[in-house]
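Close look at the chain arrangement
What follows is the residue order along each chain.
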Amino acid sequence: MAIRIINAKQFTTKLKATIQFSGRLGFTEETAKALDLSAEKFARFAQDDEKNTLYLVIIDEASEDAFQIKSSSGYYYVPTKMMFDMLGFDYEHNTIMFDLIRQPSHDADLMGQAYLMKQRINKRKDKANEDITIP
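Quick summary incoming for the structure in this document. None of the values given here were measured: they were computed from a predicted structure.

Conventions used here
- Residues numbered from 1 in each chain as written.
- Predicted model: local features only at pLDDT ≥ 70, side-chain atom pairs only at ≥ 80, totals over all residues.
- Heavy atoms only, no water.
- Pairing = 2+ DSSP bridges.
- Helix = DSSP H or I, 4+ residues; strand = E, 2+ residues; numbered from the N terminus.
- Buried < 20%, exposed > 50% of the residue type's maximum accessible area, 1.4 Å probe, protein only.

1. Re the pairing of strand β8 (residues 94-102)
Bridge analysis of strand β1 (residues 16-19) against β8 gives 4 bridges, and the strand direction is antiparallel. Opposite Thr18, over in β8, you have Met97 as the bridge partner. As paired strands, β8 and strand β9 (residues 113-123) are joined by 9 bridges and run antiparallel to one another. Looking at the pairing, Met97 lines up with Arg120 of β9.

So, in structure tokens, the structure goes:
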């Protein structure tokens, strides 16, 4: 019999990342801790065109196809503006968030800790209309 207990701890933290207005991919504090992010780590991205899916892969060593993870005041991000522009993400008009879903079955193929980036899009509020006051 091959029964195993599923550890609830691995499902208590909701891993999230958001494309900022600047085009950077930013991580919540909780996600940064869960992914053990640091300025010494790197992020690689992989795309499955058939399934129209994107993967984030966290690696420990520099690579020509990886972005260095940056830190500013304890906040972690990846400078992805040019990549998201090339991929056609409209982060200037939309808030684009990703739920990161751990995919250990892809670790070997993608050579790092693989996460499926499940996309959620919300229209950004129009800041020009927010500042108008009606007498």
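2. As for the pairing of strand β4 (residues 53-59)
In terms of residue burial, β4 counts as a mostly covered element, since 7 of its 7 residues are buried. Burial along β4 is two-sided: Thr53, Tyr55, Val57 and Ile59 facing one way and Leu54, Leu56 and Ile58 facing the other are all buried. Summarising the sheet, strand β3 (residues 42-48) and β4 pair through 7 bridges and their orientation is antiparallel. In the strand pairing of β4, Arg44 is matched with Val57. Where β3 hands over to β4, the hairpin turn is made up of 4 residues, of which Asn52 adopts a positive phi near 55 degrees. Note that β4 and β9 share 4 bridges and pair antiparallel. Within β9, the position partnered with Leu56 by the bridge is Tyr115.

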